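Take a look at the letters that make up each chain.
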Amino acid sequence: MGTKNGGDLIRQVANVVGALFQVGTTAVASGAIQEVTDEGTGSLVEPALYAFTIWPLIFALSLAYAAYQALPVNREDPLLRRIGPFTAGAFACTGLWSIFVPARQLVLAQAMLVIILVCLAIANLRLAHDTRGRASSMGERWLVALPLGLFFGWITAANAVSLTSEAGRFGLVNSGGTSEALLGAVLLLLGGILATAVVLISKAGPAQGYIAYAATVLWALVAVVVNQYDASALTTGAALLAVATVALALFGRFSHKRPPRERSRS
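Procedures and definitions
- Residues numbered from 1 in each chain as written.
- Predicted model: local features only at pLDDT ≥ 70, side-chain atom pairs only at ≥ 80, totals over all residues.
- Heavy atoms only, no water.
- Helix = DSSP H or I, 4+ residues; strand = E, 2+ residues; numbered from the N terminus.
- Rg over C-alpha atoms; globule rule 2.2 N^0.38 Å.
- Buried < 20%, exposed > 50% of the residue type's maximum accessible area, 1.4 Å probe, protein only.
- Contact = heavy atoms within 4.5 Å.
- Areas by Shrake-Rupley, 256 points an atom, 1.4 Å probe, with all protein chains shown as cover.
- Lys, Arg positive; Asp, Glu negative; His and termini not counted.
- Charge placed at Lys NZ, Arg CZ, Asp CG, Glu CD.
- pLDDT = per-residue confidence, 0-100.
- Phe/Tyr/Trp six-rings, centres within 6.5 Å; stacked < 30°, edge-to-face > 60°.
- Salt bridge = Lys/Arg side-chain N within 4 Å of Asp/Glu carboxyl O.

Draft legend 1. Just the overall build of the protein chain, in detail. Counting its regular elements, the protein chain contains 9 helices and 0 strands. In sequence order, the secondary structure elements of the protein chain are arranged as α-α-α-α-α-α-α-α-α. Relative to the compact-globule value of 18 Å for 266 residues, the protein chain shows a C-alpha radius of gyration of 19 Å, a close match. Counting the 266 residues in the protein chain, one finds 51% classified as buried. Residue pairs in contact within the protein chain that sit at least 24 positions apart in sequence constitute 83% of those at least 6 positions apart. Just so you have it, the protein chain exposes about 12,100 Å², and 71% of that area is on carbon and sulfur atoms. Of the side chains in the protein chain, 18 bear a positive and 13 a negative charge, and the two mean positions are spaced by 17 Å.

This is how it looks when you write it as structure tokens:
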């Protein structure tokens with residue numbers, strides 16, 4: 001029991017430190033990150049600048065999740081045990097991304113985005129599985145599912161944008177040309193398919209999670225349309241198609257019934 005409790009404490013500390021690490025490093029390096037970002041010519045899937053204002057909300061909710069899971073009463077919580085290592089990994093890799101970008105280690109920075117995506121995907125799947133068929137507590141709905149859904153939604157979109165941008169930066173496609181537009185369109189469509197699947201699977205879990213996820217993906221996709229509608233019909237069309245599929249997944253069964261106990265505790 002002592003070993004298990006020790007592992008739980010390490011998980012709790014790792015999430016708190018990771019959440020603080022990602023916020024601290026990003027805040028300190030924000031100017032340098034912007035400088036490196038401005039060096040690029042801008043890809044044909046880059047969203048409008050307003051879309052990035054979602055980061056403070058992601059960080060605030062990540063801190064709220066970290067504080068919630070660190071409560072002594074939650075130390076042996078089965079759900080937090082199953083998702084905690086992956087949320088801690090996502091936080092740590094976000095902080096490392098904020099270090100690698102100013103250092104111009106862009107391959108490593110892209111690797112961090114992919115790892116964050118994988119970590120959050122696993123955490124999201126475990127959340128949906130563990131809360132299937134039972135009432136979720138208020139903490140699970142608002143301090144676990146909501147932060148996870150928002151963060152996962154943004155990283156889903158960010159990978160499509162970043163992969164296209166880095167392909168242009170490294171000369172794998174003609175930046176601003178047809179090849180970049182084709183790659184961007186394919187990645188946007190794949191991202192839309194992934195997001196659609198995530199929404200449908202996540203409906204087994206708390207509504208706060210899949211609504212936050214879908215809303216964030218839609219936020220990013222609409223920002224792509226706003227920024228690219230006069231630059232690339234191909235990427236704009238792909239973004240609009242992805243918007244349609246995610247919206248259909250979200251609203252198609254939006255009125256599904258929750259367990260009676262969850263409704264009574266809302």
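Draft legend 2. Unusual backbone geometry, seen in detail. Positive phi, close to 60 degrees, is recorded for R104, a residue that is not glycine. Looking at where R104 falls in the secondary structure, it is placed in the loop between α3 (78–100) and α4 (106–131). Looking at R104, the relative accessible area reads 41%, which means it is partly exposed.

Draft legend 3. Just the confidence of the model for the protein chain, in detail. Per-residue pLDDT for the protein chain has a mean of 92; in total, 92% of the residues score no lower than 70. The low-confidence segment residues 255–266 (pLDDT under 50) makes 20 contacts with residues lying over four places distant or belonging to another chain.

Draft legend 4. Representation of the packing of aromatic side chains in the model. Within the structure shown, the criterion is met by 8 aromatic pairs. With a centroid separation of 5.3 Å and 90 degrees between ring planes, the pair formed by Y50 and W219 is classed as edge-to-face. Of this pair, Y50 sits in the loop between α1 (2–39) and α2 (55–69) while W219 sits in helix α7 (residues 207–228), and the two are 169 residues apart along the sequence. For Y50, a relative accessible area of 34% corresponds to the partly exposed category. Each ring, one from F152 and one from Y213, has its centre 4.9 Å from the other, and the planes form 45 degrees; the classification is tilted. With F152 in helix α5 (residues 138–169) and Y213 in helix α7, this residue pair connects regions lying 61 residues apart in the sequence. Of the two residues, F152 and Y213, both sit in the buried class. Put simply, the rings of F52, W55, F59, Y65, F91, F151 and W154 pair up and form one aromatic cluster.

Draft legend 5. Representation of the pattern of salt bridges in the model. Taken as a whole and judged by the stated rule, the model has 5 salt bridges. For R134, the salt bridge is made with E140, and the minimal N-O distance between the two is 2.9 Å. Taking relative accessible area as the criterion, R134 reaches 27% and is therefore assigned partly exposed. Accessibility expressed as a relative area gives 7% for E140, which makes it buried. The salt bridge partner of R169 is E166, with a shortest N-O separation of 3.5 Å. Here R169 pairs with E166, and both are found in helix α5, just 3 residues apart, close to one helical turn. Assessed through its relative accessible area of 35%, R169 is described here as partly exposed.

Draft legend 6. Up close: the environment of A212. With respect to the secondary-structure elements, A212 resides in helix α7. Residue A212 is classed as buried on the basis of its relative accessible area, which comes to 7%. As for A212 and V199, which are separated by 13 residues in sequence, their C-alpha atoms are 9.8 Å apart. Ignoring anything within four residues of it in the chain, the contact list for A212 reads L146, G149 and L150.

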